[in-house]
Amino acid sequence: EKDYQYKGVSKFVQRQNLPKEAAVKVWDAKKAAEAEASKVRNNNSLSQEQKNAALQGIQQATENNLQATLGADAYGSFKSSQTGNWINNLGPRK
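In short, a report on the structure. (Residues numbered from 1 in each chain as written. Predicted model: local features only at pLDDT ≥ 70, side-chain atom pairs only at ≥ 80, totals over all residues. Heavy atoms only, no water.)

## Details of unusual backbone geometry
- The phi angle at Asn 17 is positive, at roughly 55°, despite the residue not being glycine.
- Structurally, Asn 17 can be placed in the loop between α1 (2–15) and α2 (20–41). (Helix = DSSP H or I, 4+ residues; strand = E, 2+ residues; numbered from the N terminus.)

Right under this line is the structure:
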């Protein structure tokens with residue numbers, strides 16, 4: 001799974017003519033954000049409201065990080081692509 005998903009990120013970065021390091025940064029951000037979101041979701045000492053606020057914060061911080069890494073235009077394309085759809089899964093579940 002990792003190889004397939006990472007290849008998608010790598011191809012996206014190449015299509016955007018961004019340096020290869022951008023793919024590594026995006027991948028690292030993905031792994032860190034998903035791990036943090038999972039911790040929040042599994043923390044039973046938090047109320048649903050607290051979880052939602054924390055998850056929203058994780059999603060926003062990740063979006064800011066990726067925007068800085070990819071640039072605003074490329075980030076917009078990334079988030080709306082299949083490769084970047086994981087970003088929407090970071091926030092509170094609707």
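## Regarding the nonpolar core
- Val 9, Leu 66, Leu 70 and Phe 78 are the most contacted members of the largest nonpolar core, which totals 21 residues.
- Per-element accounting of this core gives the leading share, eight residues, to α2.
- Setting aside residues no more than four positions away along its own chain, Val 9 makes contact with Ala 23, Val 26, Trp 27, Phe 78 and Thr 83. (Core = buried A, V, L, I, M, F, W, Y, C linked by side-chain atoms within 4.5 Å. Buried < 20%, exposed > 50% of the residue type's maximum accessible area, 1.4 Å probe, protein only. Contact = heavy atoms within 4.5 Å.)

## Re α2
- Over its 22 residues, α2 runs 32 Å from end to end, which matches the ideal 32 Å to within 8%, given 1.5 Å per residue.
- Regarding α2, the residues found buried are Ala 22, Ala 23, Val 26, Trp 27, Ala 29, Lys 30, Ala 33, Ala 37, Val 40 and Arg 41. Looking straight down α2, one finds its buried side chains confined to an arc of 160°; they lie on one side. Set apart from the buried face of α2 by more than 90 degrees, the exposed residues are Lys 20, Glu 21, Lys 25 and Lys 39. (Expected span 1.5 Å × (residues − 1). Arc of directions from axis to C-beta.)

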